[in-house]
Amino acid sequence: MKMKATVLASVFLLGIFALVSAQQPIRTSRTDASSQQNANRMPKPNPQTAVLADLIVTEISYDKTGAVLVQVMNQGNANAKASHLALMIMKGNGPASGHGKVWTVAVPALKAHQSYSATFNISPFKFADHAFTARADRSDEVKESDESNNDRFDNSRVIR
């Protein structure tokens, strides 16, 4: 009999504990539902995505004096430190033909979305006779978001 009373008392106490626990609010780090909804709408930053510069050659053109004009642009979202731009005369008509002569000029630091134009005097060569490749950030001096888009090949040989 004593055993039944102990079991009943234990069941009764467990029932009261369960009832009291069920009525307690659940505690979280959220202050209210509206702040959680707003937090869900905010874009979350991706720590894997870095904001970097991205140097590209946007144009290779030729003027009547025999010079080659090359325009470089920082299409990235960060400033690019000073670097070098190379212009290469290719041995053949394709981009994989290898380069013969190379000219290099310094490019000043470029802000995001800023461009810079350089003029190369290629005398005694004539641009109508050769294909060219221009390479921004020739020496990989600038850490970029895309290191594979620095070259631009041109074999148009257009005389203006």
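Thresholds, definitions, all that
Residues numbered from 1 in each chain as written. Predicted model: local features only at pLDDT ≥ 70, side-chain atom pairs only at ≥ 80, totals over all residues. Heavy atoms only, no water. Helix = DSSP H or I, 4+ residues; strand = E, 2+ residues; numbered from the N terminus. Buried < 20%, exposed > 50% of the residue type's maximum accessible area, 1.4 Å probe, protein only. Polar contact = N/O pair within 3.5 Å; in protein donor to acceptor, adjacent residues only side chain to side chain. Contact = heavy atoms within 4.5 Å. Pairing = 2+ DSSP bridges. Core = buried A, V, L, I, M, F, W, Y, C linked by side-chain atoms within 4.5 Å.

**Q** Honestly, the side chain of Asn74 in this entry has me stumped. Any pointers?
**A** By the secondary structure assignment, Asn74 is in strand β2 (residues 67-74). Judged by relative accessible area, which is 0%, Asn74 ranks as buried. At a separation of 3.0 Å, a polar atom in the side chain of Asn74 contacts the main-chain amide nitrogen of Asp54. Among the polar contacts made by the side chain of Asn74, one reaches the main-chain amide nitrogen of Gly76 at a distance of 3.0 Å. When neighbours within four sequence positions are excluded, Asn74 is seen to be in contact with Ala53, Asp54, Leu55, Asn79, Ala80, Leu110, Lys111, Ala112, His113 and Gln114.

**Q** Even after reading the chapter, I still don't get the pairing of β2, so can you show me in this structure?
**A** Consecutive side chains of a regular strand alternate in pointing toward one face of the sheet and then the other. Pairing between strand β1 (residues 55-62) and β2: seven bridges, direction antiparallel. Residue Ile60 lies in a different strand from β2, and its bridge partner there is Val70. Linking β1 back to β2 in an antiparallel pair, the connection comprises four residues, with Gly66 at a positive phi of about 95°. Two strands pair when backbone bridges link them, and β2 and strand β5 (residues 115-121) are joined in this way by seven bridges, in the antiparallel orientation. Residue Val72 lies in a different strand from β5, and its bridge partner there is Tyr116.

**Q** Please clarify how the nonpolar core should be interpreted in this entry.
**A** What tends to happen in soluble globular proteins is that the nonpolar side chains get buried as a cluster. Formed by 23 residues in total, the largest nonpolar core has its most connected members in Val68, Val70, Leu85, Leu87, Phe120, Ile122 and Phe132. Every element with two or more residues in this core is listed here: β1, β2, β3 (83-90), β4 (99-107), β5 and β6 (132-135). Element by element, the count of residues in this core is highest for β1, at four residues.

**Q** What is the right way to look at unusual backbone geometry in this model?
**A** Note: most residues except glycine have negative phi, and most peptide bonds are trans. Cis rather than trans, the peptide bond between Ser123 and Pro124 has omega equal to 5°. For His113, which is not glycine, the phi torsion reads 70° and is therefore positive. One can find His113 in the loop between β4 and β5. Within the chain, Asp137 stands out as a residue other than glycine whose phi angle is a positive 50°. Secondary-structure assignment places Asp137 in the loop between β6 and β7 (151-154).

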